[in-house]
Amino acid sequence: LQMAKQQGRNCFAIYEDSPTHREQRRYAVAIVEEVQSGLKDGRILLAYQPIVDAEGHGIVAVEALLRRADPDRGVISPAGFIPLLEQSGLIVPVGRWTMHEACRRGRAWIDKGAEDLVMSVNVSPRQFAEPDFVQTVAAVLAETGLPRGHLQLEVTEGILLEPTPQTLHKIDALVAAGVRLAVDDFGMGYSSLAYLKRFPLHALKIDRMFVRDLPEQRQDAAIVRAIVDLGHGLGLHVTAEGVEDADQFHELRRLGCDSMQGYLFARPVAAAEMTGVLAQPGRFGAAPSEAAIAMISRITS
Ligand code: C2E
Ligand code: MG
Ligand code: MG
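For clarity, every value in this text was computed on a predicted model and none was experimentally measured.

Caption draft 1: Region of the structure containing the site of ligand 1. Taken together, 22 residues are adjacent to ligand 1, and Arg-67, Ser-77, Asp-184, Glu-244 and Tyr-263 come closest. Between a nitrogen atom of ligand 1 and a side-chain N or O atom of Glu-244, the distance comes to 2.5 Å. Cavity membership is defined here by more than half of the atoms lying within 2 Å of grid points; on that basis ligand 1 lies in the largest pocket. The set of elements that each furnish at least two residues to the shell around ligand 1 consists of β2 (59-70) and β6 (180-186). A total of 4 residues in the shell around ligand 1 trace back to one element, the largest contributor, which is β2. Its residues assigned to classes, the shell around ligand 1 comprises 7 nonpolar, 7 polar and 8 charged.

Shown next, in the form of structure tokens:
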């Protein structure tokens, strides 16, 4: 039933019980239970990755990324288990926890001097579809005291495509509450651009698929240039994801990206480590500081 619904409803999905399916089901149940108990005993945690200004103004935002600490396998990325959380509905409480934890950290870092820092949190379609999603966001902001304008929600194009009246209402309410909206993995999902004019978005995050083969791949450069022009034409901030080396950084800067995120600057790190990164002088703020310029010129030289 779930599969048929996901494939656009109006279709068949045949259920076949086989050892592989049973195995997969057992695995899915085990992971969901793991996550459920992990929320209570600290095995579900957040890593933070900086988003760096392209012109040397330092760290402008931090993205919160979910992690699962496995006793045998270490810290695990969420790509494999998020679909299971989505299907089971567990993504709703996990997403609320994530937002609360990230906003709490954001508030603490702002208090320590990172005044302009934006906390960027991923939101899954299932979470967004909850009728009380806007109230949840408002409650988290009130509970954590993260100032207006400092929370960015990263949504995928799927949420914005063919929006229902509820979606339109939610987006308006979020923007009215001072929340920024970014389209994550831009360019990977759909080719429709109609939603861009409908929503008061704040940023586009270019998927790392278009960054990976820069600067050699001219097609990628053309796509990035087009996304930057499109974004800027609409008054949006454009961030490039997955920046791993200095050549990519140069090319993305040449193409006009406003900010970048990737292993070149920092891998996602634990909260304590990010506290240390943010405490280094000149890593954020409105004016490009000596330290920020030094960091960028180290990369660019
Ligand atoms: P995303 O939101 O597009 O996040 C960026 C992903 O790229 C992260 O993977 C990050 O670790 C990885 N990354 C960053 N820089 C580089 C780089 O230079 N090179 C490469 N190869 N990768 C880089 P991660 O943490 O494994 O997360 C995967 C996806 O899982 C995220 O993609 C996001 O869609 C989802 N996700 C993560 N945390 C959450 C969450 O709290 N809630 C929801 N709903 N989804 C989440
Ligand atoms: Mg993201
Ligand atoms: Mg992304």
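Caption draft 2: View of the packing of aromatic side chains. Counted under the stated rule, the structure contains 3 aromatic pairs. Between Tyr-48 and Trp-109, the ring centres sit 5.0 Å apart and the planes meet at 85°, which makes this aromatic pair edge-to-face. Separated by 61 residues along the polypeptide, Tyr-48 in strand β1 (residues 44-53) and Trp-109 in helix α4 (residues 91-111) bring together distant segments of the chain. For the pair shown, Tyr-48 and Trp-109 are each scored as buried. Measuring from centroid to centroid gives 5.9 Å for Phe-249 and Phe-265, while their planes differ by 70°, and the two rings are edge-to-face. On the criterion of sequence distance, the pair formed by Phe-249 in helix α11 (residues 246-254) and Phe-265 in the loop between β9 (259-260) and β10 (269-270) is long-range, its members being 16 residues apart. Note on accessibility: Phe-249 and Phe-265 belong to one class, buried. In this arrangement the basic side chain of Arg-68 is found over the ring face of Phe-81, its NZ or CZ atom lying 5.8 Å from the centre. The ring of Tyr-263 has Arg-267 sitting right over it, with the charged end atom 3.8 Å from the ring centre.

Caption draft 3: Broad picture of the side chain of Gln-49. Structurally, Gln-49 is set in strand β1. In terms of polar contacts, Gln-49 uses its side chain to reach the side chain of Gln-261, at 2.9 Å. Every residue in contact with Gln-49, bar those within four places of it in the chain, is listed here: Ala-61, Val-62, Glu-63, Leu-65, Gln-261, Gly-262, Tyr-263, Ala-266, Arg-267, Pro-268 and Met-274.

Caption draft 4: Structural detail: a negative patch on the surface. On the surface, a cluster of negative charge is made up of Glu-216, Glu-244, Asp-245 and Asp-247. As for its placement among the helices and strands, Asp-245 is situated in the loop between β8 (237-240) and α11. Owing to a relative accessible area of 32%, Asp-245 belongs among the partly exposed residues under this scheme.

Caption draft 5: The coordination of the magnesium ion (ligand 3), seen in detail. Ligation of the magnesium ion (ligand 3) by protein atoms is provided by Asp-184 (OD), Asp-185 (OD), Glu-241 (OE) and Glu-241 (OE), these donors lying 2.0 to 2.4 Å from the ion. Ordering the donors of the magnesium ion (ligand 3) by residue number gives the pattern D-D-x55-E. Here the magnesium ion (ligand 3) and the magnesium ion (ligand 2) are spaced 4.1 Å apart, and both take Asp-184 as a donor. Placement of Asp-184 in strand β6 and of Glu-241 in the loop between β8 and α11 is noted, with a sequence separation of 57 residues between them.

Quick notes on the rules
Here the residue index of a chain counts from 1 through its sequence in written order. As they are written, the chains are lettered A onward and the ligands numbered 1 onward, keeping that order. The predicted origin of the model limits local features to residues at a pLDDT of at least 70 and limits the giving and counting of side-chain atom pairs to 80 or more, whereas totals for whole chains, interfaces and linings rest on all residues. Computation of side-chain values covers all heavy atoms of the structure but excludes hydrogens and water. Any residue with a heavy atom positioned within 4 Å of a molecule or strand is treated as near that molecule or strand. Each polar contact in these results corresponds to two N or O atoms within 3.5 Å; when the atoms are within protein, one needs to be able to donate a hydrogen and the other to accept it, and residues that are neighboring in sequence are counted only if both atoms are side-chain atoms. Site definitions follow a grid-based scheme: protein atoms alone, a 1 Å grid, a 1.4 Å probe that fits but cannot get out for cavities, and for pockets an open set with protein on both sides within 12 Å along at least five of seven lines, plus lining residues having an atom within 4 Å of a point. Pocket or cavity membership: a molecule qualifies when more than half of its atoms sit within 2 Å of the grid points of that site. Numbering of helices and strands runs from the N terminus, with a helix taken as a DSSP run of H or I at least four residues long and a strand as a DSSP run of E at least two residues long. Ten residue types, Ala, Val, Leu, Ile, Met, Phe, Trp, Tyr, Cys and Pro, are classed as nonpolar, four, Asp, Glu, Lys and Arg, as charged, and the remainder, Gly among them, as polar. Stacked, edge-to-face and tilted are the three classes for Phe, Tyr and Trp ring pairs, Trp counted by its six-membered ring, which pair at centre distances within 6.5 Å; planes under 30 degrees apart are stacked, over 60 edge-to-face, the rest tilted. The classification of residues rests on relative accessible area computed with a 1.4 Å probe and restricted to protein chains. Under 20% of the type maximum is buried, over 50% is exposed, and intermediate values are partly exposed. By the criterion adopted, a ring carries a charge over it if an Arg CZ or a Lys NZ lies within 6 Å of its centre and within 35 degrees of its normal. By definition in these notes, contact holds between two residues if any of their heavy atoms fall within 4.5 Å. Within the patch definition used here, like charges are joined within 9 Å and nonpolar side chains (Val, Leu, Ile, Met, Phe, Trp, Tyr) within 5 Å, considering only residues with over 30% relative accessible area and no salt bridge. For accessible areas, the Shrake-Rupley method is used with a probe of radius 1.4 Å. Any residue's cover is judged against the shown protein chains and nothing else. We define a salt bridge as a side-chain nitrogen of Lys or Arg found within 4 Å of a carboxyl oxygen belonging to Asp or Glu. A positive count includes Lys and Arg, and a negative count includes Asp and Glu. His and the chain ends are not counted in either. By convention, the point assigned to a charge is CZ for Arg, NZ for Lys, CD for Glu and CG for Asp. The donor definition counts N, O and S atoms within 2.8 Å of each metal and applies 3.2 Å to Na, K and Ca; water is not among these atoms, so some sites may look incomplete.

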